[in-house]
Every structure is written in structure tokens, then in C-alpha cells.
Amino acid sequence: MMDGGASEDFRFALRAATRGDHDRVDRLVTGLDIATRAGFARFAQVHLACFRAVQDEAPSATLAAMVSALRADLAKVAPAARVSVAVLGPVDPLAAAYMVEGSRMGTRVLHGRWAASKDALVRAADRYFGLPPDKGGWRAVTSALGQVAIGSPRAARIEADTRRLFALFADRLEAEG
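Nothing here was measured: the structure is a model prediction, and the numbers come from that model.

Draft legend 1. Local environment of the overall build of the protein chain. Looking only at helices and strands, one finds 8 helices and 0 strands in the protein chain. Scanning the protein chain from its N terminus toward the C terminus, one meets helices and strands in the order α-α-α-α-α-α-α-α. In summary, the protein chain has a C-alpha radius of gyration of 16 Å against a globular reference of 16 Å for 177 residues, a match within 12%. Reported as C-alpha extents along the three principal axes, the dimensions of the protein chain are approximately 50 × 30 × 30 Å. By residue count, 45% of the 177 residues in the protein chain fall in the buried class. Relative to all contacts within the protein chain whose residues are 6 or more apart in sequence, the contacts with residues 24 or more apart total 81%. Of the roughly 8,600 Å² of accessible surface on the protein chain, a fraction of 55% belongs to carbon and sulfur atoms. On the protein chain, the mean spot of the 24 positive side-chain charges and the mean spot of the 20 negative ones are 6 Å from each other.

Structure follows, in C-alpha cells:
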């Protein structure tokens, strides 16, 4: 369980408590060369498998758009690729939203690496990186997290589920590496 420390806002406590988990996923994603066909295909496969698992437990319009875009992009760069959907189990919708909206921000950071690809097929797989930003999504998530009481059962559940979500991505990235 996290220690809220000096912060009285759960969103900051959650970020601090899951920083190592987040850093692990960032290191693994950054290690992919998404400008190459193989690296992009791996990125799309892992994200599709994991986001499908999240979508099964906490559906949202943003997540549906992400899954659809990843499917279309993967079909362009690796039409024969198979994606086995990860198994997640129940997840707090706010933990799922935290992961999804955070991932959207991460996608903006990766956009330049993808756009610099010299492979025309990779650049043509533009649905995922072409998704419009949801300007209010992250703000809504952080506002909702700010309403969760530090030390409450819900806070503990959100933290545990957020850690499971980060592990889902990291474990899949490592397993398919």
C-alpha cells in the first residue's frame, strides 16, 4: 500500500507509488525501434493484446478507437501476425483510464520516432499514431483520482490494478522480446 506522504492528492500518491512500474514499461517500449517494420509490428501486437484485455474489463470509446487503430495498423505491417489477447480479470475503471490516458500521452512522445521511419509501409500504418488527442481525457482522470481518499480501500484497489496494468504491458513486452 502506498504512503501518501506530504501529498494530500491521490493522483500524486499513485504516480509516486507506481513510478518504478511505469519506468519499466517506458524502458521496454523505448527499446523498440518502431521505425522498423519488425519493431512497429511488435509494438502494435503487444499494445493490441494488452488494450484488448483492458477493453474486456473496462470498455471506453477511447480504448475502442485505440484497439481498432492498432488492428488496422498491424494488418498493414504484418498481415499474418496473430495476437493472443492477454488475460487481465476485473480492474477498477479509474485504473484503466489512468493507463489508457497516460498511454495516449506516451504515444505523442513516440510519434516522432514512428514518423521518421524510412519504411513506407510503417509510415502507411498511421491509424494509431494518427488518433486525435483527447484533450479532456487526462484532465478528467486526474480530477477523478484527486477525489479518491488516500489510504481508502478504493485507493488500494486502484494502486494494485495500476500495477497489474503496468505489469501486463511489461511482461508481454519482455515475453515477446
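Draft legend 2. Focus on the layout of surface pockets. Roughly 670 Å³ of volume is contained in the largest pocket. Residue assignment for the lining of the largest pocket shows that the elements contributing at least two residues are helix 1 (10-17), helix 2 (19-30), helix 3 (37-57), helix 5 (93-115), helix 7 (137-146) and helix 8 (153-175). Among the elements that make up the lining of the largest pocket, the one with the highest residue count is helix 5 (10 residues). Residues belonging to the lining of the largest pocket are distributed by class as follows: 13 nonpolar, 8 polar and 6 charged.

Draft legend 3. Molecular detail of helix 4 (residues 61-77). Compared with an ideal rise of 1.5 Å per residue, which puts 17 residues at 24 Å, helix 4 spans 25 Å between its outermost C-alpha atoms and is within 8% of the ideal. Inspection of helix 4 places L63, M66, V67, A69, L70, D73, L74 and V77 among the buried residues, and these make up the whole buried set. Down the axis of helix 4, the buried side of the element spans an arc of 165°, and every buried residue falls inside it. Tucked inside the fold, the buried residues of helix 4 contact helix 3, helix 5 and helix 6 (120-124).

Draft legend 4. Structural context of the pattern of salt bridges. Enumeration according to the criterion identifies 10 salt bridges in this entry. R164 is the salt-bridge partner of D161, the closest N and O atoms lying 3.1 Å from each other. Taken as a pair, D161 and R164 lie in helix 8 at a separation of 3 residues, close to a single helical turn. Residue R164 is classed as partly exposed on the basis of its relative accessible area of 32%. By sharing partners, the salt bridges in this structure join D21, E159 and R163 into a single network.

Draft legend 5. Layout of the packing of helix 4 against helix 5. Closest axis-to-axis distance for the helix 4/helix 5 pair is 10 Å, and the angle between their directions is 50°. With respect to each other, helix 4 and helix 5 are oriented oblique. Here helix 4 runs over helix 5; the crossing is left-handed. Judged by residue contacts, T62, L63 and M66 of helix 4 engage V100, E101, S103 and R104 from helix 5. Residues belonging to the contact of helix 4 with helix 5 are distributed by class as follows: 3 nonpolar, 2 polar and 2 charged.

Draft legend 6. Molecular detail of the confidence of the model for the protein chain. Mean pLDDT for the protein chain: 92, with 95% of residues reaching 70 or above. The secondary-structure element of the protein chain with the lowest mean pLDDT is helix 5, recorded at 94, while helix 6 shows the highest, at 97. Across residues 1-6, where pLDDT falls below 50, the model places 12 contacts with residues more than four positions away in sequence or in other chains.

Draft legend 7. Structural detail: the environment of F43. Relative to the helices and strands, F43 resides in helix 3. Considered as a pair, F43 and V100 are 57 residues apart in the sequence and their alpha carbons are 15 Å apart. Every residue in contact with F43, bar those within four places of it in the chain, is listed here: V29, L32, I34, L110, Y128 and F129.

Calculation criteria
- Residues numbered from 1 in each chain as written.
- Predicted model: local features only at pLDDT ≥ 70, side-chain atom pairs only at ≥ 80, totals over all residues.
- Heavy atoms only, no water.
- Helix = DSSP H or I, 4+ residues; strand = E, 2+ residues; numbered from the N terminus.
- Rg over C-alpha atoms; globule rule 2.2 N^0.38 Å.
- Buried < 20%, exposed > 50% of the residue type's maximum accessible area, 1.4 Å probe, protein only.
- Contact = heavy atoms within 4.5 Å.
- Areas by Shrake-Rupley, 256 points an atom, 1.4 Å probe, with all protein chains shown as cover.
- Lys, Arg positive; Asp, Glu negative; His and termini not counted.
- Charge placed at Lys NZ, Arg CZ, Asp CG, Glu CD.
- 1 Å grid on protein atoms, 1.4 Å probe; cavity = no way out; pocket = protein on both sides within 12 Å on 5 of 7 lines; lining within 4 Å.
- Points joined across faces, edges and corners; volume = space filled by probe spheres on them.
- Nonpolar A, V, L, I, M, F, W, Y, C, P; charged D, E, K, R; others polar.
- Expected span 1.5 Å × (residues − 1).
- Arc of directions from axis to C-beta.
- Salt bridge = Lys/Arg side-chain N within 4 Å of Asp/Glu carboxyl O.
- Axes fitted to C-alpha atoms, helices over the stretch in contact; angles between N-to-C directions.
- Parallel < 35°, antiparallel > 145°, perpendicular 65-115°, else oblique.
- Left-handed = near helix turned anticlockwise from the far one by under 90°.
- pLDDT = per-residue confidence, 0-100.

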